[in-house]
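Structure at a glance
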Amino acid sequence: MRLRLRNQFPFFVAMVVSLAFPAKAQRGTSEQANKSHPKFTDVTSALGLNFRNMASHTSKKYLIETMGPGVALFDYDNDGRLDIFVVNGAPLTDPTPKGAIPQKTGPKYWDRLYHQKQDGTFEDVTEKAGLQGVGYGMGVTTMVMAHSRT
């Protein structure tokens, strides 16, 4: 196989130039650097997203206590807007007996499904959808299924 350098030459030159002349942004003042950092504003409550991850805290420090919740963005009702599903933890007994499945003892431990409304805010439709959950949630996955007869 013969290597065709003629076709690769422009890429080689671009790589050498980029290494020889670092970006000007790296040489800017700290004032310029501060202006380029994004600022985030917590709008979750204003949007109707009132989720709190309820992780158990036991003296045994089980691995699942350290895991955050799983989050899925999908259109659960086919209205063209992304909805949010978040899984939640459950209380653990201390120590947890082998084979025991943690149970969600109340609404603060429920998984949550938030339906996005036309105005961009969300409503909690967990109970309506019957998705309160069972056990200690750590992850979630979704898939799209299309039915066709071809």
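What follows concerns the overall build of the protein chain. If you tally the helices and strands in the protein chain, you get four helices and four strands. Counting helices and strands in the order they occur from the N terminus, the protein chain gives α-α-α-β-β-β-β-α. Counting across all 150 residues of the protein chain, residues that qualify as buried make up 23%. Counting only contacts in the protein chain whose residues sit at least 6 apart along the sequence, the fraction spanning at least 24 positions is 59%. Summing over all exposed atoms, the protein chain offers an accessible surface of approximately 12100 Å²; the carbon and sulfur share of this is 58%.

Taken residue by residue, the protein chain gives an average pLDDT of 81. The fraction at 70 or more is 74%. Confidence drops under pLDDT 50 across residues 1–6; counting only partners more than four residues distant or on other chains, this segment forms zero contacts.

With antiparallel pairing, four strands are arranged side by side in an open sheet as S1-S2-S3-S4. Each edge of the sheet is formed by a strand with only one pairing partner; in this case those strands are strand S1 (71–74) and strand S4 (122–124). If you compare each strand with its neighbour and ignore which way they point, the axes differ by 20° on average. For strand S3 (residues 112–116) and S4, the ladder comprises three bridges, and the chain directions are antiparallel.

Turning next to the pairing of strand S2 (residues 83–86). Every second residue of S2 is oriented toward a common face, with Asp83 and Phe85 on one face and Ile84 and Val86 on the other, all of them buried. Of the pairings in the sheet, the one linking S1 to S2 comprises four bridges and is antiparallel in character. Note that in S2 the partner of Phe74 across the bridge is Asp83. Examined bridge by bridge, S2 and S3 share three bridges and lie antiparallel to one another. Counted as the bridge partner of Phe85 is Leu113 from S3.

Here Asn88 shows up in the loop between S2 and S3. Polar side-chain contacts of Asn88 include one of 3.4 Å to the backbone oxygen of Arg52. Within the local environment of Asn88, its side chain forms a polar contact with the backbone nitrogen of Met54, the two atoms lying 2.8 Å apart.

The next subject is a nonpolar patch on the surface. A surface patch of nonpolar side chains, about 280 Å² in accessible area, is lined by Leu63, Met67 and Met138. Structurally, the position occupied by Met138 is in the segment after helix H4 (126–129).

Definitions and cut-offs
- Residues numbered from 1 in each chain as written.
- Predicted model: local features only at pLDDT ≥ 70, side-chain atom pairs only at ≥ 80, totals over all residues.
- Heavy atoms only, no water.
- Helix = DSSP H or I, 4+ residues; strand = E, 2+ residues; numbered from the N terminus.
- Buried < 20%, exposed > 50% of the residue type's maximum accessible area, 1.4 Å probe, protein only.
- Contact = heavy atoms within 4.5 Å.
- Areas by Shrake-Rupley, 256 points an atom, 1.4 Å probe, with all protein chains shown as cover.
- pLDDT = per-residue confidence, 0-100.
- Pairing = 2+ DSSP bridges.
- Axes fitted to C-alpha atoms, helices over the stretch in contact; angles between N-to-C directions.
- Polar contact = N/O pair within 3.5 Å; in protein donor to acceptor, adjacent residues only side chain to side chain.
- Patch = residues over 30% accessible without salt bridge, like charges linked within 9 Å, V, L, I, M, F, W, Y side chains within 5 Å.
- Salt bridge = Lys/Arg side-chain N within 4 Å of Asp/Glu carboxyl O.

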